[in-house]
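Examination of the molecular architecture
One letter stands for each residue in the lines below.
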Amino acid sequence: ATLRSVALPLWTNSAASYLALRRPRECLRCCDEALKIDGGHVKARLRKGAALLALDRYDEALACLEAIESNREAAALMRKTRAAQRRTTRMEAAYGKCLSAAFSDGLGDTRSGVRRRRSGEAETERALRQAARAAAAH
């Protein structure tokens, strides 16, 4: 038996197990080992893409998945990755707006009263929750 015929399935099956256990870092390590043996192995690339998606490393996930040609599972993962990337971008923008509003209202000023700061923090938290719900709804 060759290294390819023995080690490759071990690495890819381990990667699948780690992915199912929601341990994407370990999955990623196994996929990298499998891809050292066969850089074009489809299952290793699919699992690596899924692990990168789970780690919110969207650009890397897309690059990994785009290397797979004509595969439905890869196309579905790419759609899922792009959707997660858009959601994250919207949430970051909403968070940035909330922070900007909070600091422009003087909430970042350490000399302002504790009561004002607390009420402002509550307003900011409410705004962040609303922005997160709005982003998740789209």
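Here, every reference points to the structure presented above.
Nothing here was measured: the structure is a model prediction, and the numbers come from that model.

Parameters at a glance
- Residues numbered from 1 in each chain as written.
- Predicted model: local features only at pLDDT ≥ 70, side-chain atom pairs only at ≥ 80, totals over all residues.
- Heavy atoms only, no water.
- Helix = DSSP H or I, 4+ residues; strand = E, 2+ residues; numbered from the N terminus.
- Buried < 20%, exposed > 50% of the residue type's maximum accessible area, 1.4 Å probe, protein only.
- Areas by Shrake-Rupley, 256 points an atom, 1.4 Å probe, with all protein chains shown as cover.
- Salt bridge = Lys/Arg side-chain N within 4 Å of Asp/Glu carboxyl O.
- Expected span 1.5 Å × (residues − 1).
- Arc of directions from axis to C-beta.
- Contact = heavy atoms within 4.5 Å.

Quick look at the overall build of the protein now. Secondary structure assignment for the protein yields six helices and zero strands. Ordered by position in the sequence, the α and β elements of the protein form the string α-α-α-α-α-α. When each of the 138 residues of the protein is scored for burial, the buried share is 33%. Per element, the accessible surface of the protein, about 9,100 Å² overall, is 51% carbon and sulfur.

This structure, assessed with the given rule, holds six salt bridges. Put simply, Arg82 and Glu66 hold a salt bridge, and the shortest N to O gap is 3.5 Å. Linking Arg82 in helix H5 (residues 72-104) with Glu66 in helix H4 (residues 58-66), this pair joins segments that are 16 residues apart in sequence.

What follows concerns helix H1 (residues 3-20). In this model, H1 (18 residues) spans 25 Å end to end at C-alpha, consistent with the 26 Å of a helix rising 1.5 Å per residue. What H1 keeps buried is the set Ala7, Leu8, Thr12 and Ala15. Along the axis of H1, the buried positions cluster into a sector of 125 degrees, meaning they face one direction only. Away from its buried face by more than 90 degrees, H1 exposes Leu10 and Ala20.

Positive phi outside glycine occurs at Arg22, with the angle close to 60 degrees. Note on placement: Arg22 falls in the loop between H1 and helix H2 (24-37). Taking the relative accessible area as the measure of exposure, Arg22 reaches 75% and is therefore exposed. The phi dihedral of Ser70 falls on the positive side, at around 50 degrees, and the residue is not glycine. The residue Ser70 is located in the loop between H4 and H5 in this model.

Relative to the assigned elements, His41 resides in the loop between H2 and helix H3 (42-54). Judged by its relative accessible area of 17%, His41 falls in the buried class. Residues contacting His41, with those up to four places away along its chain left out, are Leu8, Thr12 and Leu35.

The next thing to look at is H3. For H3, spanning 13 residues, the distance from its first C-alpha to its last is 18 Å, which sits close to the expected 18 Å at 1.5 Å a residue. Of all 13 residues that make up H3, ten are buried, and the element is covered over most of its length. Among all positions of H3, only Ala44, Arg45, Leu46, Arg47, Lys48, Gly49, Ala50, Ala51, Leu52 and Leu53 are buried. Buried residues in H3 make contact with H1, H2, H4 and H5. Just downstream of H3 lies Asp56, where phi reads positive at about 60 degrees.

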